[in-house]
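Architecture and fold: a report
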Amino acid sequence: MTVTIFHNPKCGTSRNTLAMIRASGEEPVVIEYVQHPPSRERLLELLTAMQMAPRQLLREKGTPYAELGLSDQKWSDDELVDFMIAHPILINRPIVETPIGTKLCRPSELVLDILENPVLSFTKEDGEMITYDRKPG
């Protein structure tokens, strides 16, 4: 299995995550999910792998979340998935899938936990320095 990132190049967190993957020696499959959204089945696979409910993956900022009334608890998980398929910008990002696991990488350094050879130090776009010490496990 290769590394796959569901990426939005307009998002700094997503850009930092992609850069950390590459700095760790991996060239991932990059899926710009806003232009190429996952199928319903694929999105459900990702949610299962991340052990997340659809509501946990919804992005509010810069999306039609408010105008669609998605804060209302009346929406079922299936309906929320339908909204994410219809409006892929509602899917929070970046999602990274590796042989070690699948994660929503917010903040971006969470990706280091699921890379085989994570970079030990990294400087984000904003100048923040990240140092990584893999936890035994």
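Read on for a plain summary of the structure. If you're wondering where the values come from, they're calculated on a predicted model, not measured in any experiment.

1. Focus on the pairing of strand β2 (residues 29-32)
Pairing analysis gives four bridges linking strand β1 (residues 4-7) to β2, with the strands arranged parallel. Looking at β2, one finds that His7 is bridged to Glu32. Read from β1 through helix α1 (residues 12-23) to β2, the crossover connection turns out right-handed.

2. Notes on the environment of Phe6
If you trace the backbone, Phe6 turns up in strand β1. Between the C-alpha atoms of Phe6 and Val29, which are 23 residues apart in sequence, the distance is 8.6 Å.

3. Observations regarding the pattern of salt bridges
In this structure the tally under the stated criterion is nine salt bridges. Among the salt bridges present, the one from Glu125 reaches Arg15, with a minimum N-O distance of 2.6 Å. With Glu125 in the loop between β5 (121-123) and β6 (129-131) and Arg15 in helix α1, the pair connects residues that are 110 residues apart, well separated along the chain. With a relative accessible area of 31%, Arg15 lands in the partly exposed category. In this structure, the salt-bridge partner of Asp78 is Arg40, at a minimum N-O distance of 4.0 Å. You can see Asp78 sitting in helix α4 (residues 77-86) and its partner Arg40 sitting in helix α2 (residues 40-50), a full 38 residues away along the chain. Under the relative-accessibility criterion, Arg40 is labelled partly exposed at 25%. The network of salt bridges with shared partners includes Arg40, Asp78 and Asp82.

Rules used throughout
- Every chain's residues receive numbers from 1 upward, in the order its sequence appears when written.
- Whole-chain, interface and lining totals are the exception, using all residues; otherwise, since this is a predicted model, local features are given only for residues with pLDDT of at least 70 and side-chain atom pairs are given and counted only at 80 or more.
- With hydrogens and water set aside, each side-chain value is computed from the structure's full complement of heavy atoms.
- By this definition, two strands are paired if DSSP reports at least two bridges between them.
- For the purposes of this entry, the term helix denotes a DSSP run of H or I that reaches at least four residues, the term strand denotes a run of E that reaches at least two, and both are numbered from the N terminus.
- Here the term right-handed applies to a crossover when the path leading from its first strand over the helix to its second strand runs clockwise, the strands being oriented away from the viewer.
- We count a salt bridge whenever a side-chain nitrogen from Lys or Arg sits within 4 Å of a carboxyl oxygen from Asp or Glu.
- The rule is simple: take the accessible area with a 1.4 Å probe, protein chains only, and divide by the maximum for that residue type; under 20% is buried, over 50% is exposed, in between is partly exposed.

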